[in-house]
Amino acid sequence: MALPFFYTERTGQPGTTVTLEESTSKHISQVLRMKIGEKIHITDGKGNKLTAAIHNYQKKDCIVAIEKSIFIEPWFPSISIAVSLLKNTSRFEWFLEKATETGINNIIPMICERTERTHFRHDRLKNIMVSAMLQSQQAWLPQLSEPVFFSSWVGQQQQALKCIAHCMEDRKQSVREISPLPAEALICIGPEGDFTPAEIDLALINQYIPVSLGETRLRAETAAIAAAILLRIR
């Protein structure tokens, strides 16, 4: 049976002890009712996966002894998805969950001309991603940036492959046809209502490739996860 898997920002080397965060400690002691000596896996979301044994309980804290540490290489190539914040927050959260499970490296929330909602709770969204990382048994947590304004951000990116997916009738390349992928790839997904013509023109001026995600018109969050899958799973 697989060991219980937890996230912590407090990691250490084999032979040392680590005090886990209060919420994790409570889950281990009060929900799972684990005993001293039982083992768990923990990760810092930066590639380190550790095997630890419960060493002691102190008030609200669980102290574990690190027994083994391995480093898991990050997903390659590095894929970044820039996606507009959505009017329906739950749909954006759904995308973050699935993108994390898929193994996306970086997620950049955007504010575009047609973005209808700009509310952003980084801590809540990070917690959703942490849960998805643990559920999918990964040791890398995608980097989630603060929201950026598309108009000022789009010209600053230096990835070898930069794509923009939009719905306007235009000559576009299928994402499936892009092969091989370079070491770093970026794809932009617009809001409900799509990018404006001016935003698309700005991207093209900055050497973004217009791409298609398929024959049907997709919701923004569906388009974002379709892009994640098409770029990651090959």
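Our structure is the block above this text.
Remember, predicted model here, so these are calculated numbers, not experimental data.

Criteria and thresholds
- Residues numbered from 1 in each chain as written.
- Predicted model: local features only at pLDDT ≥ 70, side-chain atom pairs only at ≥ 80, totals over all residues.
- Heavy atoms only, no water.
- Salt bridge = Lys/Arg side-chain N within 4 Å of Asp/Glu carboxyl O.
- Helix = DSSP H or I, 4+ residues; strand = E, 2+ residues; numbered from the N terminus.
- Phe/Tyr/Trp six-rings, centres within 6.5 Å; stacked < 30°, edge-to-face > 60°.
- Buried < 20%, exposed > 50% of the residue type's maximum accessible area, 1.4 Å probe, protein only.
- Lys, Arg positive; Asp, Glu negative; His and termini not counted.
- Contact = heavy atoms within 4.5 Å.
- Arc of directions from axis to C-beta.
- Pairing = 2+ DSSP bridges.
- Right-handed = clockwise from strand over helix to strand, strands pointing away.

Enquirer: Could you give an account of the pattern of salt bridges, with specific residues and numbers?
Expert: Per the counting criterion, the structure on display carries nine salt bridges. One salt bridge in this structure joins Lys 60 and Glu 22, with 3.8 Å as the shortest N-O distance. Of this pair, Lys 60 sits in the loop between β4 (48-58) and β5 (61-71) while Glu 22 sits in helix α1 (residues 22-31), and the two are 38 residues apart along the sequence. Look at the salt bridges and you will find they share partners, linking Glu 22, Lys 26 and Lys 60 into a network.

Enquirer: Can you explain the packing of aromatic side chains? Please cite residues and give values.
Expert: Overall, the coordinates contain three aromatic pairs when judged by the stated rule. Ring geometry for Phe 71 versus Trp 140: centroids 6.0 Å apart, planes at 80°, classification edge-to-face. Taken together, the positions of Phe 71 in strand β5 and Trp 140 in the loop between α3 (122-135) and β8 (143-144) put the pair 69 residues apart, joining distant regions of the chain. Ring geometry for Phe 92 against Phe 95: centres 6.2 Å apart, planes inclined by 55°, an arrangement best described as tilted.

Enquirer: Go over the side chain of Glu 21, please, and point to the residues and values.
Expert: Relative to the elements of secondary structure, Glu 21 occurs in the loop between β2 (17-19) and α1. For the buried residue Glu 21, which engages in no salt bridge, the nearest side chain bearing the opposite charge is Arg 10, 4.0 Å off. Other than its neighbours up to four places away in sequence, Glu 21 contacts Tyr 7, Thr 8, Glu 9 and Arg 10.

Enquirer: Residue-level account of α1, with values.
Expert: Listing the buried residues of α1 in full gives Thr 24, Ser 25 and Ile 28. Buried residues of α1, seen end-on, are gathered within an arc of 100° and therefore sit on one face of the element. Exposed residues pointing more than 90 degrees away from the buried face of α1 are listed as Ser 23, Gln 30 and Val 31. Looking at the buried residues of α1, the elements they touch are β1 (5-7), β3 (39-43), β4 and β5. Just downstream of α1, Arg 33 is the residue with a positive phi angle, here 55°.

Enquirer: So what's going on with the pairing of strand β6 (residues 78-84)? Which residues, and what values?
Expert: Burial within β6 is extensive, with six of its seven residues counted as buried. Where β6 meets strand β12 (residues 184-189), six bridges bridge the pair, whose relative direction is parallel. Looking at the pairing, Ser 78 lines up with Glu 184 of β12. Pairing analysis gives five bridges linking β6 to strand β7 (residues 106-111), with the strands arranged parallel. Its bridge partner lying in β7, Ile 81 is registered against Ile 107. For the handedness criterion, the β-α-β arrangement of β6, helix α2 (residues 89-102) and β7 is classed as right-handed.

Enquirer: Any details on the pairing of β4? Residues and values, ideally.
Expert: Relative to β4, β3 runs antiparallel, the two being bridged by five bridges. Bridged to Ile 40 within β4 is Ala 52. Adjacent in sequence and paired antiparallel, β4 and β5 are bridged by two residues, among which Lys 59 carries a positive phi angle near 50°.

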